[in-house]
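Tertiary structure, described
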Amino acid sequence: MEKPYRFVMVQCSDPGISAVPINVPADTVKLRLEKTLISRVPRAAFYNLAELRYLWLTYNSITSIHPSSFVNLKTLRELRLDGNFLTSFPWEGLRDMPRLQTLGLHNNRLSILPAHASLFLPNITYLDLSSNRLTILPAELLDLWFPLPGQQDGPVQRRILGLHDNPWLCDCQISMVMSLSMSLGSPVVLMDQLLICSRTLGQSGILLTQAELSRCMRPSVQPAATRVISPLGSNVILRCDATGYPTPTLTWIKTSAYADCCQDNILENSDQLPRNLESFMQESPRVGVRWSIITLNGLSYKDAGEYRCQARNMAGISEAPIKLKVVGVTRLSRLPKRKSQKTSTKSSSKYRKPNQTTTTTNTASIKENQRLQNITPPSFNKTQNSSNVVSKLFPVDKRRKMNSSDAKKKTQTPIKSTPEPPENSTTALLSETFV
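Our subject in this report is the structure included herewith. All values derive from a computational prediction rather than experimental measurement. (Residues numbered from 1 in each chain as written. Predicted model: local features only at pLDDT ≥ 70, side-chain atom pairs only at ≥ 80, totals over all residues. Heavy atoms only, no water.)

Section: the overall build of the chain
If you tally the helices and strands in the chain, you get 9 helices and 22 strands. Here the chain holds 435 residues, and the buried ones make up 36% of them. Here the chain has roughly 27,400 Å² of accessible surface; of this, 51% comes from carbon and sulfur atoms. (Helix = DSSP H or I, 4+ residues; strand = E, 2+ residues; numbered from the N terminus. Buried < 20%, exposed > 50% of the residue type's maximum accessible area, 1.4 Å probe, protein only. Areas by Shrake-Rupley, 256 points an atom, 1.4 Å probe, with all protein chains shown as cover.)

Regarding a nonpolar patch on the surface
On the surface, Ile160, Val189 and Met191 cluster together to form a nonpolar patch covering roughly 210 Å² of accessible area. Note on placement: Ile160 falls in strand β9 (residues 159-162). Take Ile160: its relative accessible area is 39%, and that puts it in the partly exposed class. (Patch = residues over 30% accessible without salt bridge, like charges linked within 9 Å, V, L, I, M, F, W, Y side chains within 5 Å. Salt bridge = Lys/Arg side-chain N within 4 Å of Asp/Glu carboxyl O.)

Re helix α2 (residues 172-181)
Of all the 10 residues making up α2, 8 are buried; the element is thus mostly covered by neighbouring parts of the structure. Buried within α2 we find Cys172, Gln173, Ile174, Ser175, Met176, Val177, Met178 and Ser181.

Examining the sheet that holds strand β8 (residues 126-128)
As summarised here, the arrangement of the 8 strands in space is β1-β2-β4-β6-β7-β8-β9-β11, forming an open sheet in which the pairing is parallel. One side of each edge strand has no neighbouring strand; the edge strands of this open sheet are β1 (8-12) and β11 (188-190). Taking each pair of neighbouring strands and ignoring which way they run, the sheet shows an average axis angle of 10°. As judged from the 3 bridges shared by strand β7 (residues 102-104) and β8, these two strands associate in the parallel manner. Of the residues in β8, the one forming a bridge with Thr102 is Tyr126. (Pairing = 2+ DSSP bridges. Axes fitted to C-alpha atoms, helices over the stretch in contact; angles between N-to-C directions.)

Some details on the side chain of His164
Within the secondary structure layout, His164 lies in the loop between β9 and β10 (168-169). The buried category is assigned to His164, whose relative accessible area is 13%. Ignoring any residue separated from it by four or fewer positions in sequence, one finds His164 in contact with Ser130, Ser131, Met191, Asp192, Leu194 and Leu195. (Contact = heavy atoms within 4.5 Å.)

Concerning the packing of aromatic side chains
Going through the model one piece at a time under the given rule, you end up with 2 aromatic pairs. Between Phe46 and Phe70, the aromatic rings sit 6.5 Å apart at their centres with planes inclined by 5°, giving stacked as the arrangement. With a gap of 24 residues between them, Phe46 in the loop between β3 (40-41) and β4 (54-56) and Phe70 in the loop between β5 (64-65) and β6 (78-80) connect regions that are remote in the sequence. For Phe70, a relative accessible area of 0% gives the class buried. (Phe/Tyr/Trp six-rings, centres within 6.5 Å; stacked < 30°, edge-to-face > 60°.)

Observations concerning the environment of Gln222
Turning to its location among the elements, Gln222 is positioned in strand β14 (residues 217-223). Accessibility expressed as a relative area gives 54% for Gln222, which makes it exposed. Once residues lying within four places of it in the same chain are set aside, the contact partners of Gln222 are Cys240 and Asp241.

Quick look at the state of the cysteines
Within the structure shown, the criterion is met by 1 disulfide. Covalent S-S linkage joins Cys240 and Cys309, the inter-sulfur distance amounting to 1.8 Å. Of the two residues, Cys240 is situated in strand β16 (residues 236-245) and Cys309 in strand β21 (residues 305-313); the sequence distance between them amounts to 69 residues. Across the pair, Cys309 and Cys240 agree in class, each one buried. (Disulfide = S-S within 2.5 Å.)

Thoughts on the environment of Glu140
Topologically, Glu140 is positioned in helix α1 (residues 139-145). The sequence separation of Glu140 and Leu119 amounts to 21 residues, and the corresponding C-alpha distance is 8.8 Å. Apart from the residues lying within four places of it in its own chain, the contact partners of Glu140 are Ala115 and Ser118.

Some points on the pairing of strand β22 (residues 316-327)
Alternating positions in β22 separate cleanly, Gly316, Ser318, Ala320, Ile322, Leu324 and Val326 being buried on one face and Ile317, Glu319, Pro321, Lys323, Lys325 and Val327 remaining unburied on the opposite face. With 5 bridges joining them, strand β15 (residues 227-231) and β22 adopt parallel strand pairing. Each bridged residue has a counterpart across the sheet, and for Pro231 the counterpart in β22 is Val327. Sheet topology places β21 next to β22; 9 bridges connect them, and they run antiparallel. Along β22, the bridge assignment pairs Gly305 with Leu324. In this structure, the hairpin formed by β21 and β22 is closed by a connection of 2 residues.

Structure (structure tokens):
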């Protein structure tokens, strides 16, 4: 048989208690320390209470809580600290209570609600911040409470918020909370919708619904260029400007890649899209205006695609696309070598008909024959030195090519014929004349 469940509750309300008791039974499920003189909650104050689900520390004199006060409270569902003197709360300590859903901080002295608190409040469905000294709600909390479509994992959680009885500054943040909570199907329900603006320019002590919030303006985005074409390996800077009130925040998102026929293998291995990109620089030159740039160095085909510059403030969201195309090749193909003029001449003569010669060769041969026919062969004896004839008829550079031994033989033997010179040369023509 299963062991029956024991609901152990411990309640201490002795005004003489000034410290968190250490002798609480380990199987306690609900602990109430109320109306005592406890002023601080030390580190690991409830470490032995692993079964604790409800912890009430209400209407004491607590001024400080150690960030590690709630270590080992993995089953805690409800934490109430109403009616103390807290000026700050260790929001990071909520990590030690992963199942916490109810957090009560009513009637304290909180004046600042930090932006990083949103990181530790995703599971909180009941948050009471009423009757404090809060003036501004960070935009990060509104992103948590009113997520955009597509940014919420799973079903939207309904939350109950207590924001009343705070000296809110009548700005667009608190105005958006008010208007969104009153819309149909809102994920947020306010405990009290009568929020008072106690501190604003020229106005004080008025209902938020009566405040003039005409300055709130949905952002508009203007990119420096909507289409960019850049060569492979180059560097590109993408910039966009946004205007709106409150001053919008800018986010860069890569939404798609170009589906080029030659880049299929690159696109298959590309990162999952869309994905957020880290901006290289953001600046707000004045209230209501912001610009942002991102740099892409050493462009590759994976960088090509559509980028979106998204601007957001409490009045709305706007975005503009920028298409980046990368052109070029990764390497140059080697061109075939050009054939030399000599080779082309031989190849062309190879396919000539037998009785066909080039026009240039015929013209040169005809002119040479006409010149040689006008030359009168000199008279000489058979014993005459042929070198004299050769020296008269051949140029000097041609004569140098003759072998010395051949010259001696020609002085002793009458010239019957000359050695066959290269084809179509002047030497061949002279040989035919003397034979």
